[in-house]
Number of protein chains: 4
Amino acid sequence: MTAEVQASIDTIRAEVAALHDELVRYGLVVWTGGNISGRVPGTELFVIKPSGVSYDDLAADNMILCTLDGAVVPGSPGSDRSPSSDTAAHAYVYRNMPEVGGVVHTHSDYAVAWAVRGEPIPCVITAMADEFGGEIPVGPFAIIGDDSIGRGIVETLRGHRSRAVLMKNHGPFTIGKDARDAVKAAVMVEDVARTVHISRQLGSPDPIPQQAVDSLFDRYQNVYGQDPTGALS
Amino acid sequence: MTAEVQASIDTIRAEVAALHDELVRYGLVVWTGGNISGRVPGTELFVIKPSGVSYDDLAADNMILCTLDGAVVPGSPGSDRSPSSDTAAHAYVYRNMPEVGGVVHTHSDYAVAWAVRGEPIPCVITAMADEFGGEIPVGPFAIIGDDSIGRGIVETLRGHRSRAVLMKNHGPFTIGKDARDAVKAAVMVEDVARTVHISRQLGSPDPIPQQAVDSLFDRYQNVYGQDPTGALS
Amino acid sequence: MTAEVQASIDTIRAEVAALHDELVRYGLVVWTGGNISGRVPGTELFVIKPSGVSYDDLAADNMILCTLDGAVVPGSPGSDRSPSSDTAAHAYVYRNMPEVGGVVHTHSDYAVAWAVRGEPIPCVITAMADEFGGEIPVGPFAIIGDDSIGRGIVETLRGHRSRAVLMKNHGPFTIGKDARDAVKAAVMVEDVARTVHISRQLGSPDPIPQQAVDSLFDRYQNVYGQDPTGALS
Amino acid sequence: MTAEVQASIDTIRAEVAALHDELVRYGLVVWTGGNISGRVPGTELFVIKPSGVSYDDLAADNMILCTLDGAVVPGSPGSDRSPSSDTAAHAYVYRNMPEVGGVVHTHSDYAVAWAVRGEPIPCVITAMADEFGGEIPVGPFAIIGDDSIGRGIVETLRGHRSRAVLMKNHGPFTIGKDARDAVKAAVMVEDVARTVHISRQLGSPDPIPQQAVDSLFDRYQNVYGQDPTGALS
């Protein structure tokens, strides 16, 4: 392993560890639930949260380095622990979507509530058109133990504008060009899940014309923003 | 630029930067969403949040100084960054409502939920009569890219008692005599949006007689308060 | 004024100032809304929050000392500021309910939601039977400016087990043997308002038999507790 | 008492005191409500929170040591205070369920809301199948003062997969192999109570096939996890 690759791994370890604070800050996780991973650019590796470790105790050196088949790299820091129980799903996404640099999974309440009904979130808010370009889709029911969760994520999101999928009876997975971008999508999917839920409780949300949705998505992705993450306000 | 104007700009930079903490404190924003601006008194300038910068990193010297047509003042501190993507809307308000000294925009959940249905918030709480003098109105559907958001805000709020407007499918904009006053309105509009929503979930809110609304609004604006912001309890 | 009375005033100033932190901690207030007062034992005086001061800035020496007719004691610390705009209502309670040592007013969301519908909160939770001995009653619609709010509180709570009243279209007022006890009631009334609301959203809460309500209230008030405030768990 | 037993008591005191912070962190308690206890391994003793003490003031040396009949051990640290008013219920559980090492009781809002309607929480989320293996059952209405609460907990949970019971019109009690495990169950029961509630507000949750529930529960309890608490993510 070259010094350059090692430096890149260290950077991603630190970033992925630190980004978990955002899941706590926005109330997307409880106890040890939820997980973030980030691809190490230019390698066949990714970094993911360990299983069953408290959010207070996460740090760069207990993040776990995995190959794209989801195996822990032997002897790497943190390799005495098991990686997140969702590692296989993350690995499947990295193997099958080379453009993806980060994956996030949470059980955030409002997103799960839509997932439990198997109902996509309609695009009725301009910020949702900006960020997701349309509705948030539902993925298939799949349980842990083989590739079926990963496959469900990839089949739903490939070619879709949305970076978020609501896996049936389970919860949201989000992708992004890097881990930070996927975390932003996880934060935003819960926010729109909650807001559209609240709006629907007292009546019918008014739709946004498709042309306006397209225009907002195009502008947000291509025109604005002062940094490469496209994070705007 | 005189020393006095410079001092005034510095004061507004510091105030606008610090006020963003209130948006976080009250849960009105996520990620880098939301923005506050403040007019520099006695000038044709205003100060606004940069685009895509984390709330943790906002400070007086990365706030952005703009002219009333929404252009960044070249060479001023922070001018290497883009201003908030909503700058044109803020600028339109300052050009057309000279009495306004501050503008705030958020995507706070309950206010957006009413905006998504295009439904004004009825005035059924005495604190809402105090603060807004009646219902919170809905503004037209308008998308980013020209003056249509700014025009929608101004046309809705001009001559209206309310300092808040719910822009259709988008979210609340609030105005005030200064940035702090507009922030207070942003906090209060979410609070009343939530409370009236909750009340409506289990039945029909009882209206407040118009005479009582008028009397409360008049008293709150004119009689009470120990400081010029009219902040009461 | 004797040294003993002065010490007692100082104690109540410090307690009332510090108790406001609990309103913030439990999310019962926004901006400068809400207020707590405490009677100075053995005197015709009470201490109350100033009007329009941020919660971050409240301290023992900006609390305001008032006589039982609601007038600020001239020359006392803090007397350069106006007392809470609800001072007249607090004063009315102290004049007419000598057993009351503390009064709290908030606009906490769920309690206000019931107040807006003019609906008492039914006693369907054992903790509510413990604390309030039955339903939380609704008081009359009354607006600020004379004794009508204070009179509405007293007429509703006199002889009632509940230490909380939901003033119509306005919000909760709570009383207690001291300021801390009234704050506890303010915290608990919002908690039961929220929980009963949530329960009602998906069906009909089952009532608790009256005999059990009576038994729980009696036990909680008389049997348990290791300190004079009756604070239990 | 041997030095070994004394060390074990000290450990449990510290753990039980510290775990109360989790109840606050997750918003499961208000004021002094809620309580945690932990069995001292290899003894006929357990440690429980004192009654009516603020969460800010809980510490290892004010936890209270009790025998399995619920009596305070005379002369032990903290024995000048009364134990939690729910001590009899905890003691009953320890006497009758020797496999239980920790008990938690809260009045967390969403769990209480289901308890008030006397309605079990259906198992419609994969994380709920992992953690509870099926629905969360409702226990009988029982009031404080004798063994009826403890008996209701034991009769409902004995032989049940769920470590949580919703006592009718009262609130959740959870058990675990130790205090931390019971706290995790208390956190998770509120999370699923909230999420399933939200999902039900806008339609019908889709059930999870029983075979998938069984498979998820079996895997979570037996296969995964890197530490003895089975805490996963």
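Small disclaimer: the values here were computed from a predicted structure and weren't measured.

Description of the pattern of salt bridges
- Overall, the coordinates contain 48 salt bridges over all chains when judged by the stated rule.
- The residue R117(D) makes a salt bridge to E119(D) at a minimum N-O spacing of 2.7 Å.
- Here D214(D) ties to R161(D) by a salt bridge, and the two come within 3.0 Å at their closest N and O atoms. Taken together, the positions of D214(D) in helix α7 (residues 210-222) and R161(D) in the loop between α5 (148-157) and β6 (164-167) put the pair 53 residues apart, joining distant regions of the chain.
- For D214(D), a relative accessible area of 30% translates into the label partly exposed.
- Salt bridges linked by common partners bring E131(A), R163(A), D181(A) and K184(A) together as one network.

Quick look at the relation of the copies chain D and chain C
- In screw terms, the move from chain D to chain C is a rotation of 90° and a rise of 0.0 Å along the axis, fitting with an RMSD of 0.0 Å. Here the symmetry operator amounts to a four-fold rotation axis. In terms of C-alpha distance to the rotation axis, chain D has Q201(D) as its closest residue, with the C-alpha 5.3 Å off the axis.
- A different interface surface on each copy is seen, since only 3% of the contact residues of chain D are contact residues in chain C too.

Structural notes on the pairing of strand β4 (residues 102-105) of chain D
All names here are of chain D.
- Residue alternation in β4 divides its side chains into two sets, G102 and V104 and V103 and H105, and both sets are buried.
- The pairing of strand β1 (residues 35-40) with β4 spans four bridges and is antiparallel. Paired with I36 across the two strands is V104, which belongs to β4.
- Note: β4 against strand β7 (residues 171-176), four bridges, orientation antiparallel. Following the sheet pairing, H105 is matched in β7 by F173.

Re the UniProt feature "domain: Class II aldolase/adducin N-terminal" (unreviewed entry) in chain A
- The positions that UniProt labels "domain: Class II aldolase/adducin N-terminal" (unreviewed entry) are, in the present scheme, residues 14-197 of chain A.
- This span, residues 14-197 of chain A, is 36% helix and 16% strand, and a straight line between its end C-alpha atoms measures 35 Å.

Digging into the sheet that holds strand β4 (residues 102-105) of chain A
Residue and element names in this part refer to chain A.
- Judged by pairing direction, the sheet is mixed, and its seven strands sit side by side in the order β3-β2-β1-β4-β7-β6-β5 without closing on themselves. Two strands in the sheet have a free side with no partner beyond their single neighbour: β3 (64-67) and β5 (138-139).
- Note that β5 and strand β6 (residues 164-167) share two bridges and pair parallel. Counterpart to G139 in the pairing with β6 is M167.

Here's the deal with unusual backbone geometry
- In this structure, W31(A) takes a positive phi of about 50° despite not being glycine.
- For W31(A), the position within the fold is in the loop between α1 (3-25) and β1 (35-39).
- Here the phi dihedral of N169(C) falls at roughly 55°; this positive angle occurs in a residue that is not glycine.
- Inspection of the secondary structure puts N169(C) in the loop between β6 (164-167) and β7 (171-176).
- The class of N169(C) is buried, set by a relative accessible area of 1%.

What to know about the packing of aromatic side chains
- In the structure shown here, the tally under the stated rule is eight aromatic pairs over all chains.
- An angle of 40° between the planes, with centres 6.4 Å apart, marks the rings of Y26(A) and W31(B) as tilted. Residue Y26(A) is located in the loop between α1 and β1, and its partner W31(B) is located in the loop between α1 (3-25) and β1 (35-39); the two belong to separate chains.
- Judged by relative accessible area, W31(B) falls into the buried class, the value being 7%.
- In this structure, R117(A) packs its charged tip against the face of W114(A), placed 4.9 Å from the ring centre.

Looking at the environment of T87(B)
Residue and element names in this part refer to chain B.
- Relative to the helices and strands, T87 is located in helix α2 (residues 87-96).
- Sequence-wise, T87 and L216 are 129 residues apart; in three dimensions their C-alpha atoms are separated by 34 Å.
- Look past the residues within four positions of T87 in its chain and what remains in contact with it is F46, I48, C66 and G70.
- A polar contact of 2.5 Å, which involves the side chain of T87, links it to the backbone oxygen of S84.

Regarding the interface of chain D and chain C
- At the interface, 35 residues of chain D touch 36 residues of chain C.
- Where chain D abuts chain C, roughly 3,100 Å² becomes buried across the two surfaces, and 56% of that area is made up of carbon and sulfur atoms.
- Of all residues in chain D, W31(D), D109(D) and R117(D) bury the most surface against chain C, accounting for 26% of the area lost on that side.
- Across the chain D-chain C interface, the total number found is three salt bridges.
- The closest approach of N and O atoms between R25(C) and D56(D), which form a salt bridge, is 2.7 Å.
- Every element with two or more residues in the side of chain D that touches chain C is listed here: α3 (109-117) and α6 (179-201) of chain D.
- With six residues, α3(D) is the largest single contributor of residues to the side of chain D that touches chain C.

Description of α5(D)
Residues and elements named next belong to chain D.
- Of all 10 residues that make up α5, eight are buried, and the element is covered over most of its length.
- Within the sequence span of α5, burial applies to S148, I149, G150, G152, I153, V154, T156 and L157.
- The inward-facing, buried residues of α5 abut α2 (87-96), β5 (138-139), β6 and β7.
- Looking one or two residues beyond α5, the residue adopting positive phi is G159, at roughly 80°.

Regarding the interface of chain A and chain B
- Each side of the interface is counted separately: chain A has 36 residues, and chain B has 35 residues.
- Overall, the association of chain A and chain B removes approximately 3,100 Å² of surface from exposure, summing both partners, and the carbon and sulfur fraction of that is 56%.
- Linking chain A with chain B are three salt bridges, by the criterion used here.
- Residue K168(B) pairs with D206(A) through a salt bridge whose shortest N-O separation is 2.8 Å.
- Counting only elements with at least two residues in the side of chain A that touches chain B, the list comes to α1, α4 (126-132), α6 (179-201) and α7 (210-222) of chain A.
- Among the elements that line the side of chain A that touches chain B, the one with the most residues is α6(A), at 11 residues.

Section: the sheet that holds strand β3 (residues 64-67) of chain B
Residues and elements named next belong to chain B.
- Reading across the sheet, the seven strands line up as β3-β2-β1-β4-β7-β6-β5 and stay open at both edges, with mixed pairing between neighbours. Pairing within the sheet leaves two strands with one partner each, and these edge strands are β3 and β5 (138-139).
- Inspection of the sheet shows strand β2 (residues 45-48) paired to β3 by four bridges, in the antiparallel sense. Counterpart to V47 in the pairing with β3 is L65.

Overview of the pairing of strand β1 (residues 35-39) of chain C
All names here are of chain C.
- Burial within β1 is extensive, with five of its five residues counted as buried.
- Burial along β1 is two-sided: the residues N35, S37 and R39 and I36 and G38 are all buried.
- Two strands pair when backbone bridges link them, and β1 and strand β2 (residues 45-48) are joined in this way by three bridges, in the antiparallel orientation. Bridge assignment links R39 to a residue of β2, and that residue is F46.
- Linking two consecutive strands that pair antiparallel, namely β1 and β2, is a turn of five residues; a positive phi of about 75° is found at G42 within it.

Structural notes on the environment of V213(C)
Residues and elements named next belong to chain C.
- Mapping V213 onto the fold places it in helix α7 (residues 210-222).
- Under the relative-accessibility criterion, V213 is labelled buried at 2%.
- As for V213 and T126, which are separated by 87 residues in sequence, their C-alpha atoms are 7.4 Å apart.

What counts, and where the lines are drawn
Every chain is numbered independently, its residues counted from 1 as its sequence is written. Going through the entries in the order they are written, you letter the chains from A and number the ligands from 1. Where totals are concerned, whole chains, interfaces and linings use all residues; where local detail is concerned, this predicted model gives features only for residues with pLDDT of at least 70, and gives and counts side-chain atom pairs only at 80 or more. Side-chain figures throughout are based on the complete set of non-hydrogen atoms in the structure, without hydrogens or water. Any Lys or Arg side-chain nitrogen found within 4 Å of a carboxyl oxygen on Asp or Glu counts as a salt bridge. A run of H or I in DSSP counts as a helix once it spans at least four residues, and a run of E counts as a strand once it spans at least two, with each numbered from the N terminus. Buried, partly exposed and exposed residues are distinguished by accessible area as a fraction of the type maximum, computed with a 1.4 Å probe on protein chains only: under 20%, between the cut-offs, and over 50%, respectively. Residues below a pLDDT of 70 in either copy are left out; the C-alpha atoms of the rest, at least 70 in both, set the least-squares superposition of the copies. The contact rule is simple, with two residues in contact once any of their heavy atoms fall within 4.5 Å. One requirement defines pairing of two strands: DSSP has to find at least two bridges between them. UniProt positions are given in the numbering used here, feature names are shortened, and annotations may be inferred rather than shown by experiment. By convention, a stacked pair of Phe, Tyr or Trp rings (six-membered ring in the case of Trp) has centres within 6.5 Å and planes under 30 degrees apart, an edge-to-face pair has planes over 60 apart, and any other such pair is tilted. Charge over a ring is defined by NZ of Lys or CZ of Arg lying within 6 Å of the ring centre and within 35 degrees of the ring normal. In protein, a polar contact requires one atom able to donate a hydrogen and another able to accept it; more generally it is a pair of N or O atoms within 3.5 Å, and residues adjacent in sequence count only if both atoms are side-chain atoms. Joining two parts hides part of their accessible area as seen by a 1.4 Å probe, and the buried area is that hidden amount summed over both.

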